[in-house]
Amino acid sequence: FLIALTASPAPAASDDMRTVNLMRAANYANAKKLIEQQGGSRLVFKVDGDALRDEMITELRDDVFKSLHDDRIPFTDLALRQDSVEVRIADAKNQQKLLGRLAPPAGSGATRVDASYGDNGLMKLTPTDSDFSMRLKALTMQSYEMIEQELRNDQNTAGLHPNGDDRIDVLLP
């Protein structure tokens, strides 16, 4: 998202989002009322966090391999093991060079990878919990918006509501 440096665009975007959220809350309250009056269904969609974590580990392995290859860093034993990527890099400078390549853009304030070190240059790289949480929330919001669009296309009186970091309640009167 963009952060505006001038005062005028930011409030409009904020007001628009506030209006959308108020409309969503009103739709959900209306659907809840209709279900109480005439019945209906409540569905709970859950984003597959395990699949997301597996995807993040695989992406990390691919990023590690690409960085090692592009920077011509000698390594051995690149493998996925227990929710992490392990690789052996003998030279400590090359270990730090790899970590620098895996870091997010400067100024983001986030860390993408936790690193621990073992014997003989073993590095164990794991996606951070904060990165996982951020991506899970984004995936849940993307799913929410897709469900909302499909329901809007059907022109029904359904209501949606986020339920935690990885669930979406859908009410179908």
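Residues numbered from 1 in each chain as written. Predicted model: local features only at pLDDT ≥ 70, side-chain atom pairs only at ≥ 80, totals over all residues. Heavy atoms only, no water.

1. Quick word on helix α3 (residues 92–102)
We apply this condition: Relative accessibility thresholds used throughout: buried, under 20% of the residue-type maximum; exposed, over 50%; partly exposed, between the two (1.4 Å probe, protein chains only). Secondary structure elements follow DSSP: runs of H or I no shorter than four residues count as helices, runs of E no shorter than two count as strands, and numbering proceeds from the N terminus. To be clear, the arc concerns the directions from the helix axis to the C-beta atoms. What makes two residues a contact is simply this: any of their non-hydrogen atoms within 4.5 Å. As used in this structure description, the phrase polar contact means that two N or O atoms lie within 3.5 Å; if the pair is within protein, one of them must be able to donate a hydrogen and the other to accept it, and residues adjacent in sequence are counted only when both atoms belong to side chains.
Within α3 the residues assigned to the buried category are N94, Q95, L98, L99 and L102. For α3, the arc enclosing every buried residue in end-on projection is 145 degrees, short of the 170-degree limit, so these residues lie on one face. Contacts made by the buried residues of α3 are with α2 (49–70), β3 (85–88), β4 (113–117) and β5 (122–127). If you check the start of α3, you find a side-chain oxygen 3.1 Å away from the backbone N of K93, and it comes from D91.

2. With respect to the layout of surface pockets
One water molecule sets the probe size; rolling that probe over the atoms shows where empty space is left. Counted only if it meets this: In this analysis, the protein atoms alone were mapped onto a 1 Å grid. Cavities are point sets where a 1.4 Å probe fits without being able to get out; pockets are open sets with protein on both sides within 12 Å along at least five of seven lines; lining residues have an atom within 4 Å of a point. Grid points are joined across faces, edges and corners, and a volume is the space filled by probe spheres set on the points. Here the nonpolar group is Ala, Val, Leu, Ile, Met, Phe, Trp, Tyr, Cys and Pro; Asp, Glu, Lys and Arg are the charged ones; every other residue, Gly included, is treated as polar.
If you add up the space inside the largest pocket, you get close to 310 Å³. What lines the largest pocket is a set of 15 residues, among which M23, N27, E148, R152 and A158 lie closest to the centre. At the level of elements, α1 (9–38), α4 (129–153) and β6 (159–163) are the ones that each hand at least two residues to the lining of the largest pocket. Its residues assigned to classes, the lining of the largest pocket comprises six nonpolar, six polar and three charged.

3. Focus on the packing of aromatic side chains
Using the following cut-off: Working definition: rings of Phe, Tyr and Trp (its six-membered ring) pair if their centres are within 6.5 Å, and the pair is stacked with planes under 30 degrees apart, edge-to-face with planes over 60 apart, and tilted otherwise.
According to the stated counting rule, one finds one aromatic pair in the structure shown. Consider the rings of F65 and F75, whose centres lie 6.3 Å apart with planes at 85 degrees: the pair is edge-to-face. With F65 in helix α2 and F75 in the loop between α2 and β2 (76–80), this pair connects stretches of sequence that are 10 residues apart. The class for F65 is partly exposed, based on a relative accessible area of 43%. F75 sits in the partly exposed class, given a relative accessible area of 30%.

4. Examining the pattern of salt bridges
The test is simple: Any Lys or Arg side-chain nitrogen located within 4 Å of an Asp or Glu carboxyl oxygen qualifies as a salt bridge.
Taken as a whole, this structure holds 15 salt bridges when the rule is applied. With its nearest N and O atoms 3.0 Å apart, the salt bridge here joins D169 to R42. Highlighted residues: D169 in strand β7 (residues 167–172) and R42 in strand β1 (residues 41–46), separated in sequence by 127 residues.

5. Some points on empty space enclosed by the protein
This model, assessed by the stated rule, comprises one cavity of 30 Å³ or more. Here the largest cavity is characterised by a volume of approximately 50 Å³. In this structure, the largest cavity is lined by M56, E59, L60, R112, V113, P127, D131 and R135. For the lining of the largest cavity, the elements supplying multiple residues, two or more each, are α2 and α4. Looking at the lining of the largest cavity element by element, the count peaks at three residues for α2. A class-by-class count of the residues in the lining of the largest cavity yields four nonpolar, no polar and four charged.

6. Looking at the side chain of D169
Judged by its relative accessible area of 5%, D169 falls in the buried class. A distance of 3.0 Å separates polar atoms of two side chains, one belonging to D169 and the other to R42. Of note is the side chain of D169, whose polar atom sits 3.3 Å from the side chain of N163. When residues no more than four places from it in sequence are discounted, the contact partners of D169 are Y28, R42, L43, V44, G159, L160, H161 and N163.

7. Details of α4
Under the convention used in this document: Multiplying 1.5 Å by the helix residue count minus one yields the expected span of that helix.
The terminal C-alpha atoms of α4 lie 36 Å apart, and with 25 residues this matches the ideal 36 Å at 1.5 Å per residue to within 8%. All of the buried residues in α4 are D131, F132, L136, T140, Y144, I147, E148 and L151.

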